Amino acid sequence: MMLIAFGWIALLLVGGGFALDRTLTNLVESNFDDQLEYLLNSMLVSAEIGPDGEVYFNRTIGEPRFLEPNSGLYFQISAQGQEGYPSRSLWDKTLATRPDHVDSMPHFYDSAQFPDEPLRVIERTVTLPFSDARWTFTVASARVQLDEQIQRIRSILVWSFAILGLGLFLMAALQTWYGLSPLRRVRIAIQHMRTTGINRVADPLPQEVRPLVEELNALLAHSEKQAEEARTHAGNLAHALKTPLTVINNAATAKSPDLADTVIREAGTIRRHVDHHLARARAVGRRAVGHARTPVCESAEAVRRAVERLYPEVRFDLDGNRGATVAIERQDLDEILGNLIENAAKYGGGSVFVTVDAEPEDAACVIWVEDDGMGIPDAERDRIFARGARLDTGKPGTGLGLAIVRDVAEIYGGGVTLGESEDLGGLLVRLILPRAG
């Protein structure tokens, strides 16, 4: 930031200084030329032709330097074939006119005809009364005074712009240092947070960096929540595995005659718990990668084809918004819909109806999965989401389907509720998932 500021300041000062130098130089030269033109006009209005055809002034030109030899201010009146009229200041020198430039209007040019004395010259060609010759009036002045003025102006500009540039550089550096000081305070706050063990940046900080600090605190809260979820699920898994392992250990120690059946039964319990926590872990890991976009109908069609092979006697219907997409990974959506549709086919009466985006006015995407089975009583609808809960023990299953559906949906910010299907009379599962942005 400092280098960019220094570069722009230097560029603008150089450009501005050059423009100002040209402007002031032109003004000084214009003022100098105006003085020469004034003297030339004074000569023109005073010039007359004498009886012998010579030029003379009917009144004295009020400039004493014309009378002082080598004074640096000269004039000369000349015409082809006529005797010229030089100023006394020329002494034994002659101004070289420009015969190739004959103009009734005054024109200026620089001349180097005198060694070590550059000249600024004005010329004008006129015809005087009672004379047929074209007279060239020339006024020349040494450029020493003009060049000194220009040099003095340039020196003032250089020093002024150098001081101005130095001041601007220092102000830019100070502004950058002061402007970035909140970031240094954020760094110190984070270091303090790391060394003291606190989990939030709570130090008072300026308004400019407050959104950054809020996002940082949100990230810390998110990481803390994930770590807490991991600890909770690890503890839940350990607690869930403790009982079946204790049963197996006691049966093995007592050399129980039904040890094999006990191992098989408790191993199934262990497997259910492991599957449940693995499903949650996969969902959390994929959610952390980023926002996904999954078409609901594609996933539902794939699940329907798989379930139709397991339950060929069940009639499946799929309807709704074919373009609906949700912010969930395809694998997780397949697992959720697979559990719901398979449960509907397993426990229903032979008909399963899936409606995608059944409530289009809702901010989230709502998916209905309906069947024509016996449904679930209101009193049992909360308990059915518990791990291992099963109402119909006559059919094979782990009792983890709805628990996995609820947990994975909640990980993505959604949810699941149970109700009664008005069309089929069985269970209505209302799956809520966030729409893809």
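Refer to the structure printed above.
Cut-offs and rules
Residues numbered from 1 in each chain as written. Predicted model: local features only at pLDDT ≥ 70, side-chain atom pairs only at ≥ 80, totals over all residues. Heavy atoms only, no water. Helix = DSSP H or I, 4+ residues; strand = E, 2+ residues; numbered from the N terminus. Contact = heavy atoms within 4.5 Å. Areas by Shrake-Rupley, 256 points an atom, 1.4 Å probe, with all protein chains shown as cover. Pairing = 2+ DSSP bridges. Axes fitted to C-alpha atoms, helices over the stretch in contact; angles between N-to-C directions. Expected span 1.5 Å × (residues − 1). Buried < 20%, exposed > 50% of the residue type's maximum accessible area, 1.4 Å probe, protein only. Phe/Tyr/Trp six-rings, centres within 6.5 Å; stacked < 30°, edge-to-face > 60°. 1 Å grid on protein atoms, 1.4 Å probe; cavity = no way out; pocket = protein on both sides within 12 Å on 5 of 7 lines; lining within 4 Å. Points joined across faces, edges and corners; volume = space filled by probe spheres on them. Salt bridge = Lys/Arg side-chain N within 4 Å of Asp/Glu carboxyl O. Bend = angle between axes of the 7 residues up to and from the residue.

## Concerning the overall build of the protein chain
Next up, step 1: Of the regular secondary structure elements, the protein chain holds 7 helices and 14 strands.
Next up, step 2: Here the analysis covers contacts within the protein chain between residues at least 6 apart in sequence; of these, 59% occur between residues at least 24 apart.
Next up, step 3: Total accessible area on the protein chain is roughly 25400 Å²; 57% of this is exposed by carbon and sulfur atoms.

## Some thoughts on the sheet that holds strand β3 (residues 73-78)
Paired through their backbone hydrogen bonds, the strands of a sheet run either parallel or antiparallel.
Next up, step 1: Spatially, β4-β3-β7-β6-β5 is the arrangement adopted by the 5 strands of the open sheet, whose pairing is antiparallel. Across the chains shown, the open sheet's two edge strands, defined by having one partner strand only, are β4 (85-86) and β5 (107-111).
Next up, step 2: Pairing geometry for β3 and strand β7 (residues 134-142), over 6 bridges, is antiparallel. Looking at β7, one finds that I77 is bridged to F137.

## Thoughts on the environment of A142
Next up, step 1: Looking at the element boundaries, A142 is found in strand β7.
Next up, step 2: Taking the C-alpha atoms as reference points, A142 and L119, 23 residues apart in sequence, are found 4.5 Å from one another.
Next up, step 3: Not counting chain neighbours up to four residues away, the residues in contact with A142 comprise F32, G72, E117, P118 and L119.

## Concerning the sheet that holds strand β9 (residues 315-320)
Next up, step 1: The strand order across the open sheet formed by 5 strands is β9-β11-β12-β14-β13, and the pairing between neighbours is mixed. Across the chains shown, the open sheet's two edge strands, defined by having one partner strand only, are β9 and β13 (415-420). Direction aside, the axes of adjacent strands within the sheet are offset by 15° on average.
Next up, step 2: Sheet analysis places strand β11 (residues 351-356) next to strand β12 (residues 365-371), joined by 4 bridges and oriented antiparallel. Along β12, the bridge assignment pairs V354 with V369.
Next up, step 3: Against the sheet, helix α5 (residues 296-310) makes contact with β9, β11 and β12, and its axis sits at roughly 175° relative to β9, the strand it touches most.

## Comments concerning helix α6 (residues 330-347)
Next up, step 1: The terminal C-alpha atoms of α6, which comprises 18 residues, lie 25 Å apart, in line with the 26 Å expected from a rise of 1.5 Å per residue.
Next up, step 2: All of the buried residues in α6 are D332, L333, I336, L337, G338, N339, L340, I341, A344, A345 and K346.

## A word on the packing of aromatic side chains
Here the distance between the centres and the angle between the planes together describe a pair of aromatic rings.
Next up, step 1: One pass over the structure, following the stated rule, counts 6 aromatic pairs.
Next up, step 2: Between the aromatic rings of F66 and F75, the centroid separation amounts to 4.9 Å while the plane-to-plane angle is 90°, which identifies the pairing as edge-to-face.
Next up, step 3: Assessed through its relative accessible area of 5%, F75 is described here as buried.
Next up, step 4: Aromatic pair Y74 and F114: ring centres 5.8 Å apart, planes at 85°, arrangement edge-to-face. Here F114 lies in the loop between β5 and β6 (119-127) and Y74 lies in strand β3, a separation of 40 residues in the sequence.

## Considerations on the environment of G373
Next up, step 1: Assignment of secondary structure puts G373 in the loop between β12 and α7 (401-411).
Next up, step 2: Each C-alpha atom, one on G373 and one on G426, is 4.6 Å from the other, the two residues being 53 residues apart in sequence.
Next up, step 3: Beyond its immediate stretch of four places on either side in the chain, G373 contacts Y347, G348, G349, G425 and G426.

## As for empty space enclosed by the protein
Next up, step 1: Enumeration over the complete set of coordinates arrives at 1 cavity of 30 Å³ or more.
Next up, step 2: The computed volume of the largest cavity comes to approximately 40 Å³.
Next up, step 3: Lining the largest cavity are A300, R304, F316, D317, L318, I341 and V354.
Next up, step 4: At the level of elements, α5 and β9 are the ones that each hand at least two residues to the lining of the largest cavity.

## A look at the pattern of salt bridges
Next up, step 1: Under the defined criterion, the tally for this structure stands at 17 salt bridges.
Next up, step 2: If you follow the salt bridges from partner to partner, you end up with E29, D33, D110, R120, R143 and D147 in one network.

## Some remarks on helix α2 (residues 144-196)
Next up, step 1: Between its first and last C-alpha, α2 extends 76 Å over 53 residues, near the 78 Å set by a 1.5 Å rise per residue.
Next up, step 2: Taken as a whole, α2 carries its principal kink of about 35° at S181; the proline P182 stands between one and four residues after it.
Next up, step 3: Those residues of α2 lying buried are L146, I150, L157, G165, A172, A173, T176, S181, P182, V186, A189 and M193.
Next up, step 4: G197, located one to two residues past α2, shows a positive phi value of around 90°.

## Here's the deal with the pairing of β12
Next up, step 1: Among the 7 residues in β12, 6 count as buried, and that is most of the element.
Next up, step 2: Both β12 and strand β14 (residues 427-433) contribute to a ladder of 6 bridges, which runs antiparallel. Across the sheet, I367 pairs through a bridge with L431, a residue of β14.

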